[in-house]
Amino acid sequence: MYKIVRKQELAENVDEFVIEAPDIARKAKPGQFVIVRISRKGERIPLTIAEKDPEEGTITLMVQRVGKTTFHLSCFEEGHVIPDVVGPLGKPTHIEKWGHVVCVGGGLGLAPIHHIAQGVKEAGNRITTVMGFRSKDLIFWEDKMKAISDRVIVTTNDGSYGMKGLVTDGIQKLIDEGEKIDMVITAGPVPMMKAVAGLTKKYNIPTVASLNPIMVDGTGMCGACRVTVGGEIKFACVDGPEFDAHRVDFDELMNRLRMFKSLEGEALKEFQK
Ligand code: FES
């Protein structure tokens, strides 16, 4: 049983949960995730570990309310327990002292990016974070990203805060300023990661994307999380979730994520009745 010790709404439809999970907090490395099940017969959902505190014995998860399970989880309050939290799962981020690393997160992609950026900073890299949101009211964790980054560029689609545009405009700005970028790490909506990969490929900047496919068992057995990378089938839960962004088939990933949209919509309607 995993007790919720703190919960707060970060932005519209995004909740932050701090959960008592001492073993996971001790072992978790940047890039890893957990699989959460909120009832015995419930769906399993993968959630990235955004932060860990081994001393307090807690991990921080961010949850966007998009379907039945995430809406149900948002009803859980401090003191409630989550029956199943399995992890840490997935391969940790491969981290080196690259030099200047640009961490690019869109929306909930800030969850993996925050933990990864912490590790990248600890390895002695200079970090620029580019964080993108649709509008000002959806921004969260700017303060946390500022605390671990040498520079932060916030972009909003509508220009209500920071730089008007997309995260790719933020990266282009750095390139136009003559910044040498040694590595880009990105996480967020698939179209965003595809656009980031397209831009960095043009400039030959190595880029890693933290993918977010549908997952079921999280142990490489079910095949739900399969992605194509460089023409090869990979299972994101055990081979990833991070891959060379220039080799990922993002169109296939988008199609696979759309596959269960109508069923998910029906389940959510049923839950909200
Ligand atoms: Fe089942 Fe990855 S989630 S193989």
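Counting starts from 1 at the beginning of each chain's written sequence and moves along it residue by residue. For this predicted model, a pLDDT threshold of at least 70 governs which residues receive local features, and a threshold of 80 or more governs which side-chain atom pairs are given and counted, while totals over whole chains, interfaces and linings are taken from all residues. For the side-chain quantities, the full set of heavy atoms in the structure was used; hydrogens and water were omitted.

Chemist: Help me out: how do you make sense of the packing of helix H5 (residues 167-176) against helix H6 (residues 190-202) in this one?
Modeler: How two helices sit against one another is set out by the angle between their axes and by the gap between those axes. H6 packs onto H5 with a crossing angle of 20° between their chain directions and a minimal axis gap of 9 Å. Viewed along their axes, H5 and H6 adopt a mutual orientation that is roughly parallel. When you trace H5 past H6, the crossing you get is right-handed. Contacts between H5 and H6 pair Val167, Thr168, Ile171 and Gln172 from the former with Met192, Ala195, Val196 and Leu199 from the latter. Under the convention adopted here, Pro, Cys and the residues Ala, Val, Leu, Ile, Met, Phe, Trp and Tyr are nonpolar, Asp, Glu, Lys and Arg are charged, and Gly plus all remaining residues are polar. Within the contact of H5 with H6, the residues separate by chemical class into 6 nonpolar, 2 polar and no charged. Think of each axis as a best-fit line through the C-alpha atoms, taken over the contacting stretch in the case of a helix, with angles from 0 to 180 degrees between the N-to-C directions. Helix and strand labels come from DSSP, where a helix needs a run of H or I of at least four residues and a strand needs a run of E of at least two; each type is numbered from the N terminus. Each angle receives one of four descriptions, namely roughly parallel if under 35 degrees, roughly antiparallel if over 145, roughly perpendicular if within 65 to 115, and oblique otherwise. Should the near helix be turned counterclockwise from the far one by less than a right angle, the crossing is left-handed, whereas a clockwise turn marks it as right-handed. Here, residues are in contact when the closest pair of their heavy atoms is within 4.5 Å.

Chemist: Would you take a moment to explain the sheet that holds strand S13 (residues 207-210) for this structure?
Modeler: Sheet strands pair via backbone hydrogen bonds, and the direction of the pair is either parallel or antiparallel. When DSSP finds at least two bridges between two strands, those strands are taken to pair. Ordered in space as S11-S10-S9-S8-S12-S13-S16, the 7 strands form an open sheet in which the pairing is mixed. A single partner strand is all that each edge strand has here, and the edge strands are strand S11 (163-164) and strand S16 (242-244). Alignment of strand S12 (residues 183-187) against S13, held across 4 bridges, turns out to be parallel. Opposite Thr186, over in S13, you have Ala209 as the bridge partner. Lying on the sheet, H5 is in contact with strand S8 (100-106), strand S9 (126-133), strand S10 (151-156) and S11; it crosses S10 at an angle near 140°. Along the sheet, H6 contacts S8, S12 and S13; its crossing angle with S12, the most-contacted strand, is approximately 165°.

Chemist: Sorry, what's going on with the pairing of S9 here?
Modeler: Each residue is assigned to one of three classes by its accessible area relative to the maximum for its type, calculated with a 1.4 Å probe on protein chains only: buried under 20%, partly exposed between the two thresholds, exposed over 50%. Taken across its 8 residues, S9 has 7 buried, putting it largely inside the fold. Bridge count between S8 and S9: 7 bridges; the pairing is parallel. Directly across from His100, in S9, lies its bridge partner Arg126. Pairing geometry for S9 and S10, over 6 bridges, is parallel. Within the sheet, the bridge partner assigned to Gly132 lies in S10 and is Thr155. The handedness of a crossover follows from its direction of travel: if, with the strands pointing away from the viewer, the path from the first strand over the helix to the second runs clockwise, the crossover is right-handed. Handedness of the crossover joining S9 and S10 through helix H4 (residues 142-148) is recorded here as right-handed.

Chemist: Hey, could you run me through the sheet that holds strand S4 (residues 44-53) in this one?
Modeler: Taking strand neighbours across the sheet as the criterion, the 7 strands line up as S6-S1-S2-S5-S4-S3-S7 in an open arrangement whose pairing is antiparallel. Two strands close off the open sheet at either side, each with one partner strand: strand S6 (81-82) and strand S7 (84-89). As judged from the 4 bridges shared by strand S3 (residues 33-37) and S7, these two strands associate in the antiparallel manner. The residue of S7 that forms the bridge with Val36 is Val85.

Chemist: Is there a simple way to explain the nonpolar core in this structure?
Modeler: The tendency in soluble globular proteins is for nonpolar side chains to be buried as a group. Counting residues in hydrophobic clusters, the biggest one holds 34 residues, and the most contacted among them are Val104, Ile181, Leu211 and Phe250. For this core, the secondary-structure elements that each account for two or more residues are S3, S8, H5, H6, strand S14 (226-229), helix H7 (236-239) and helix H8 (250-258). The dominant element in this core, judged by the number of residues it contributes, is H6, at 6 residues. Each residue touching Phe250, except ones within four places of it in the same chain, is listed here: Val190, Met193, Lys194, Ala197, Ala209, Leu211 and Ala245. By nonpolar core we mean a set of buried residues, namely Ala, Val, Leu, Ile, Met, Phe, Trp, Tyr and Cys, connected to one another through side-chain atoms within 4.5 Å. Within the second largest apolar cluster, 28 residues are counted, among which are Ala11, Ala50, Trp98 and Leu110.

Chemist: Sorry if this is basic, but what is going on with the pattern of salt bridges here?
Modeler: Opposite charge on two side chains makes pairing possible when the charged atoms of those side chains draw close. Salt bridges are identified by distance alone: a Lys or Arg side-chain nitrogen within 4 Å of an Asp or Glu carboxyl oxygen. According to the stated counting rule, one finds 16 salt bridges in the structure shown. For the salt bridge of Arg37 with Asp84, the shortest nitrogen-to-oxygen distance reads 2.7 Å. In this pair, Arg37 is assigned in strand S3 and Asp84 in strand S7, connecting sequence segments 47 residues apart. Using a relative accessible area of 25% as the deciding quantity, one classes Asp84 as partly exposed. The salt bridge partner of Lys180 is Asp182, with a shortest N-O separation of 2.3 Å.

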